[in-house]
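# An overview of the molecular structure
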Amino acid sequence: MEGGGLLMNDVIIIGGGIAGLSAAIHCRQRGLMVTVLERGAYPAHKICGEFLSPECLPMLAAWGVIPSIAITTVQLYARHAALTLPLPLPAGSMSRYVLDASLAEVARQSGVTLHTNAQVDAVTHDAQHNIYDVTLADGSVMRASSLVIGAGRVAQLLLPRGATKAVRPDPSTHRAPSGWSERLRTVRPDGGAAGLQPRVSRGPNGGGRRFEWRGTNGQQYVGIKAHFSAGSFPLDSVQFFITDVGYLGISAVDATTVNVAALLSASFVHSYNNTDDAIDAFISQPIMNRMRDYVQKEHCLFPQWLTCQVPAFGMRSYPVLKNIYYIGDAAGSIPPATGDGLALGLLTGAMVAPYVAAHDAQGFAHAWRQQFSSVFKNGMALHRLYQYPAITALALRAAGCVPALSRAVFLKTRDTL
Ligand SMILES: Cc1cc2nc3c(=O)[nH]c(=O)nc-3n(C[C@H](O)[C@H](O)[C@H](O)COP(=O)(O)OP(=O)(O)OC[C@H]3O[C@@H](n4cnc5c(N)ncnc54)[C@H](O)[C@@H]3O)c2cc1C
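These remarks concern the structure in this document. (Residues numbered from 1 in each chain as written. Predicted model: local features only at pLDDT ≥ 70, side-chain atom pairs only at ≥ 80, totals over all residues.)

Two elements, strand β8 (residues 120-126) and strand β9 (residues 131-136), share six bridges in a ladder whose sense is antiparallel. In the strand pairing of β9, Thr124 is matched with Asp133. In this structure, the hairpin formed by β8 and β9 is closed by a connection of four residues, where Asn130 is found at a positive phi of approximately 55 degrees. (Pairing = 2+ DSSP bridges. Helix = DSSP H or I, 4+ residues; strand = E, 2+ residues; numbered from the N terminus.)

As a further point, take the site of the ligand. Taken together, 41 residues form the shell around the ligand, and within it Gly17, Gly49, Gly152, Gly328 and Gly341 come nearest. Within the residue set of the shell around the ligand, elements represented by two or more residues are α1 (18-29), β16 (257-265), α8 (328-331) and α9 (341-357). If one sorts the elements of the shell around the ligand by residue count, α9 sits on top with four residues. When residues of the shell around the ligand are assigned to domains, at least three fall in each of domain 1 (2-51 + 95-174 + 313-385) and domain 2 (192-310). (Near = placed C-beta within 6 Å. Domains from an automatic or database assignment.)

Our next topic: the packing of α1 against helix α3 (residues 96-109). Running from amino to carboxyl end, α1 crosses α3 at an angle of 20 degrees, the nearest separation of the two axes being 9 Å. The orientation of α1 with respect to α3, classified from their angle, is roughly parallel. For α1 against α3, the interelement crossing comes out left-handed. Residues Ile18, Leu21, Ala24 and Ile25 of α1 form the contact with α3, whose participating residues are Asp100, Leu103, Ala104, Val106 and Ala107. Of the residues belonging to the contact of α1 with α3, the class tally is eight nonpolar, no polar and one charged. (Axes fitted to C-alpha atoms, helices over the stretch in contact; angles between N-to-C directions. Parallel < 35°, antiparallel > 145°, perpendicular 65-115°, else oblique. Left-handed = near helix turned anticlockwise from the far one by under 90°. Contact = placed C-beta atoms within 7 Å. Nonpolar A, V, L, I, M, F, W, Y, C, P; charged D, E, K, R; others polar.)

Turning to α3, a few remarks are in order. The periodicity of an α-helix, 3.6 residues per turn, causes residues three or four places apart in sequence to face the same way. A rise of 1.5 Å per residue sets the reference length of α3, with its 14 residues, at 20 Å; its end C-alpha atoms lie 19 Å apart and thus fit the reference within 8%. Those residues of α3 that sit buried are Arg96, Leu99, Asp100, Leu103, Ala104, Val106 and Ala107. Buried residues of α3 fall within an arc of 160 degrees about the axis and therefore sit on the same side. The positive-phi residue at the C-terminal boundary of α3 is Gly111, with phi of around 100 degrees. (Expected span 1.5 Å × (residues − 1). Buried ≥ 20, exposed ≤ 12 C-beta atoms within 10 Å, placed from the backbone. Arc of directions from axis to C-beta.)

What follows is about the nonpolar core. Counting residues in each nonpolar core, the largest one holds 115 residues, and the members touching the most others are Leu264 and Tyr325. Element by element, the count of residues in this core is highest for α9, at 10 residues. Here this core gathers at least three residues from each of two domains, domain 1 (2-51 + 95-174 + 313-385) and domain 2 (192-310). Non-local contacts of Leu264, meaning those with residues more than four positions away in its chain, are made with Tyr221, Val222, Ile224, Val245, Gly246, Val269, Ala278 and Phe282. (Core = buried A, V, L, I, M, F, W, Y, C linked by C-beta atoms within 7 Å.)

Strand β13 (residues 221-229) sits mainly inside the fold: eight of its nine residues count as buried. Pairing of β13 with β16, which is carried by nine bridges, proceeds in the antiparallel orientation. When the sheet's bridge partners are listed, Lys225 is paired in β16 with Ala261. Two strands pair when backbone bridges link them, and β13 and strand β17 (residues 306-310) are joined in this way by five bridges, in the antiparallel orientation. By the bridge assignment, Gly223 is partnered in β17 with Cys308.

Written out as structure tokens, the structure is:
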């Protein structure tokens, strides 16, 4: 279809992450003409624990994407407590480097037009003709009648709240998408662009520094990730360490590689001169003794840790705009404590397709909230619990005595299991 000289897509999907690619494949299966605009390229590493919750594995299997590793147990550590949680169903683990590229290939083969190195800079809406013009960083413009926003945690910066007709990013915030980007970067000790300030209070033993786990400037965290050679790491389990200043997960992503990913309090990180020092201090905590062997520098497969800033978690509220749909982390980001963000991305990508075909953005926004609000509520509660390792340790001991409890928590933080 042509519109004013520009090729008219049925739908443009901004962001070719897990959610955007899932939406693209599902929209294409409904016969829609789909273009995905991804500012990065494939393959690429992304900051993620790379744990694939059981409920999304059937969807991946239908596309021939099989996780390299099956996870059957989660081991949780907090203070002196430990809990081994056998999973009700096997989960998966797979590097995002492979996963995103595999889904991109499935999308291409199903007829999706996928542009990489295509950063969206602006969106304008012609309400009269119901057309969205999407302007890329290179100045080119693409046109569609519907937009799916799968741009991850940064998405709110693309379409300012309250926008109704012409939607253009606020120039003062628009630098932020690249500011949040997951590339090798050093977080400035003064908090850099995010303006974070360390909040230091009395230490647990009356002296020293105690870092506010909640971060500053709203809930903000620093995500880190690196791959290491696996050595003798057990392939079928995730180990999860909960500390005063953040939590860390470690699991194999293939037979020879383990992924270590963590969410650290921003105030803790920014109190060090550089991110590497903060990470060293984080990993030097006694509780990490069990996994320190795996994160010795000589085993690291990356030149340095990947780091990114992570804004607040939770469901987001947007004005319901005509034919605009938010999916994955753009709709709401669930704390990594649950290990369910990838599954939610894949599931919301599937869920959105019939609504896009029916031009029913309002229906989708309503259905999404209804389906996932309890998952978010429970995920946020688990994340808050982890901010208090002493209480978490008590909970782990209680769950050790009542195995049904930990199983219930696992099930309540995900959909459709
Ligand atoms: C430390 C940490 C650990 C985690 N561990 C896990 C885990 O183990 N298991 C799990 O299930 N979840 C985990 N998560 C959450 C999970 O990573 C996210 O929920 C998931 O990546 C969301 O997918 P998405 O497609 O919505 O967003 P993303 O994967 O972030 O994809 C968004 C895409 O949009 C692109 N984009 C952004 N802006 C633009 C633009 N302007 N123009 C074009 N493209 C753009 C980006 O380049 C990106 O490729 C973790 C998160 C963190 C921070």
